[in-house]
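Residue strings, one per chain:
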Amino acid sequence: MKRFTHRFSRREALLMGLSLSAGAALAACGGSGGGDAGGEISDKPVTLRFTWWGSDARHKRTQQVIDAFTKAHPTITIKGEFKDWNGYWDALATTVAANDAPDVIQMDELYLASYAERGALLDLKTADKHLTTADFDTKALATGAIGDKQYGVPTGLAAYSFVANTDLLDKYQVTLPDDATWSWDDLKTVAAQISKASGGKVTGTQSLGFDIGGVNVWARQHGATLYSPEGKVALPPDVLASFWQFQLDLAKDGSAPQASVTVERAGAALDQSGTATNASALGTWWNSQLTSLAAASGQKLKLLKLPGESQATTPGAYYKPSMFWSVSSRSKQPAEAALFVDFLANSEAAAEILQTDRGVPANTKIRSALVPKLTATDKAAAEYLDAIKVGDSPRVTPKGASDVEQILKRYTEDVLFARKTPADAATGFVKELQAAIDAA
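Residues numbered from 1 in each chain as written. Predicted model: local features only at pLDDT ≥ 70, side-chain atom pairs only at ≥ 80, totals over all residues. Heavy atoms only, no water.

Caption draft 1: The overall build of the chain, seen in detail. In terms of regular secondary structure, the chain is built from 18 helices and 14 strands. The C-alpha atoms of the chain give a radius of gyration of 22 Å, which matches the 22 Å a tight globule of 440 residues would have. Seen along its three principal axes, the alpha-carbon backbone of the chain occupies a region of about 70 × 45 × 35 Å. The buried share of the chain, reckoned over its 440 residues, is 58%. Looking at the chain alone, contacts between residues at least 24 apart form 79% of all its contacts between residues at least 6 apart. Surface exposure of the chain reaches about 17,600 Å², of which carbon and sulfur atoms provide 51%. Taking the average place of the 45 positive charges on the side chains of the chain and the average place of its 49 negative ones, the gap between the two points comes to 3 Å. (Helix = DSSP H or I, 4+ residues; strand = E, 2+ residues; numbered from the N terminus. Rg over C-alpha atoms; globule rule 2.2 N^0.38 Å. Buried < 20%, exposed > 50% of the residue type's maximum accessible area, 1.4 Å probe, protein only. Contact = heavy atoms within 4.5 Å. Areas by Shrake-Rupley, 256 points an atom, 1.4 Å probe, with all protein chains shown as cover. Lys, Arg positive; Asp, Glu negative; His and termini not counted. Charge placed at Lys NZ, Arg CZ, Asp CG, Glu CD.)

Structure, rendered in structure tokens:
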């Protein structure tokens, strides 16, 4: 599996804002111009366009699923439009602005609101005659909902976790606390023990702060949220400041790498991380990254529940969608498009082909059927989802906030290099992120 999260350039984030003319075209498209999502499936030949991003391996698997679907539905032809990550968003923005969007769209959470709130995506609840979501956890479905409308069905799920290198822990004779009850102070203690026992050759943990998952978890455990239901920044600056102060404390006593090392690793690929290179015994990751990390490290790795969960009033853990299936609001064949999404999301035949290529299946029935056939690490990732208690899903990333991780990265670096205090950085982060949302 590839690294779960993506880092986006400012250009890519601004792309989703589109030009003024493209934005107007998106707004104009609204929900009009499309067919009847609740209508009957046509008995005449129908052609659907389906677009996705990914590797060549994903392309091959997806084509196999298309072949399986069209064999079962010979009157429907699926025309695939496959691109790499960067080219994908350029092409999608262009086609949507021109009212020529593909019928079925592979969508990312960061950009869901950018398209949905301009009326470019179909409310899938209107297609429930052909698309069922009965086997999806309500909290999983909520990851693709804005208000009372469902704009995306999650293909797969992940949850934030700590990954522990048990070979390193055994080597340095350090025992982990019970991850069902451990606290953030327990993490500090065990990380310090590892760094001391290794003589500084291995740091106890990687630093946090370079993806929004850690911020979300910290905020939620403190009874806060990053965004309000209305899509405004709701994170109290003092809560974010405490998140950064925790990282400074870890680096100060050698439990986490120094700033220069942390920043270098944060900008590198997964296989150059502290976890993958066996330079840190603990690290925060999405559970679905376990397979890639284990392959890179060559050692035994274990998923741990998040510290602080048993002490928090509300769970920090939540479901993160790997990506979504969405349907264009302008599709002339939304009923057939919904039928295809139903096949992608609910068919065991499709799941057998896709495996975990688009994440651990969000469909609970499909996940249960697939787990026994997975590799040990993919199986552990799937079982982790069932072992944790998740809270309500965070509000979908608001329109204009798709650059949030780039903003977070800059302020985290400022804190680690002592260019800003945690308090000043927190105030700046909240102000800048809100300004980006307001400008969208």
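Caption draft 2: The layout of surface pockets, seen in detail. In this structure, the second largest pocket encloses a volume near 450 Å³. Residue lining of the second largest pocket: 21 residues in total, with Thr225, Asp392, Ser393, Pro394 and Arg395 positioned closest to the centre. Listed by contribution, the elements that provide at least two residues to the lining of the second largest pocket are β4 (145–146) and α9 (212–221). Sort the elements by how many residues they give to the lining of the second largest pocket and α9 lands first, with three residues. When grouped by side-chain class, the residues that make up the lining of the second largest pocket number eleven nonpolar, seven polar and three charged. (1 Å grid on protein atoms, 1.4 Å probe; cavity = no way out; pocket = protein on both sides within 12 Å on 5 of 7 lines; lining within 4 Å. Points joined across faces, edges and corners; volume = space filled by probe spheres on them. Nonpolar A, V, L, I, M, F, W, Y, C, P; charged D, E, K, R; others polar.)

Caption draft 3: The arrangement of empty space enclosed by the protein in detail. Per the counting criterion, the structure on display carries four cavities of 30 Å³ or more. Considering the residues around the second largest cavity, the lining is formed by 19 residues, among which Thr155, Leu344, Ala345, Leu354 and Pro361 are closest to the centre. Contributions of two or more residues to the lining of the second largest cavity are made by α13 (334–346) and α14 (348–354). Counted by class, the lining of the second largest cavity contains eleven nonpolar, six polar and two charged residues.

Caption draft 4: Examining the confidence of the model for the chain more closely. Here the chain averages 92 in pLDDT, and 92% of its residues register 70 or above. Within the model, the stretch residues 1–31 combines pLDDT values under 50 with 81 contacts to residues more than four positions away or in other chains. (pLDDT = per-residue confidence, 0-100.)

Caption draft 5: Structural view of the sheet that holds strand β8 (residues 160–165). Read across the sheet, four strands follow the order β9-β10-β8-β11 without closing on themselves; strand pairing throughout is mixed. Of all strands in the sheet, those bounded by a partner on one side alone are β9 (203–205) and β11 (301–304). Each adjacent strand pair in this sheet contributes to an overall mean axis angle of 30°, direction not counted. As paired elements, β9 and strand β10 (residues 280–286) share two bridges and run parallel to each other. Among the inter-strand pairings, Thr205 is bridged to a residue of β10, identified as Leu282. The strands that helix α12 (residues 290–297) touches are β8, β10 and β11; relative to β11, the one it contacts most, it runs at about 150°. (Pairing = 2+ DSSP bridges. Axes fitted to C-alpha atoms, helices over the stretch in contact; angles between N-to-C directions.)

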